[in-house]
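What follows is the residue order along each chain.
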Amino acid sequence: PNMSGFSRTNLFSIGQFFRFYTNDTKLVHQLGGQLKVEQLVQQIPWRHHVLIMQKIKNVSEALFYVKETVENSWSR
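Residues numbered from 1 in each chain as written. Predicted model: local features only at pLDDT ≥ 70, side-chain atom pairs only at ≥ 80, totals over all residues. Heavy atoms only, no water.

Draft legend 1. Broad picture of the layout of surface pockets. As a volume, the largest pocket reaches approximately 210 Å³. Take the lining of the largest pocket: its biggest share by element is four residues, from helix α4 (residues 46-55). For the lining of the largest pocket, the class distribution of residues is five nonpolar, three polar and two charged. (1 Å grid on protein atoms, 1.4 Å probe; cavity = no way out; pocket = protein on both sides within 12 Å on 5 of 7 lines; lining within 4 Å. Points joined across faces, edges and corners; volume = space filled by probe spheres on them. Helix = DSSP H or I, 4+ residues; strand = E, 2+ residues; numbered from the N terminus. Nonpolar A, V, L, I, M, F, W, Y, C, P; charged D, E, K, R; others polar.)

Here it is as C-alpha cells:
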C-alpha cells in the first residue's frame, strides 16, 4: 500500500504476472503446491518474468524457463 511510482505499463505487467501464475491451479498441484511455485518465481529478476510472459503463453513452459534460468544463470 505504501509503494508508488509504478508506470502504467508496469502495473499492467504486475496484473498479467498475477493472472498468469495463478490461472493454472492444476499445475500448481502437480508442482507440490503454491509455495513451491512462489519460491521458484521469486528467484529471478522482474524483467526476466516480463520477457518470459511476453514470449510464452503456457505456465508449465514458462516455469521450465524460470527453472533453467535459475539453474544456469541465464541472462535476459
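Draft legend 2. Focus on the nonpolar core. Within the largest apolar cluster, twelve residues are counted, these being Phe-20, Tyr-21, Leu-40, Val-41, Ile-44, Ile-52, Met-53, Ile-56, Val-59, Ala-62, Leu-63 and Val-66. Secondary-structure elements contributing two or more residues to this core are α1 (8-22), α3 (34-41), α4 and α5 (59-72). Tallying contributions element by element places α5 first for this core, with four residues. Ignoring sequence-local partners within four residues, the contact set of Ala-62 consists of Phe-20, Tyr-21, Ile-52 and Ile-56. (Core = buried A, V, L, I, M, F, W, Y, C linked by side-chain atoms within 4.5 Å. Buried < 20%, exposed > 50% of the residue type's maximum accessible area, 1.4 Å probe, protein only. Contact = heavy atoms within 4.5 Å.)

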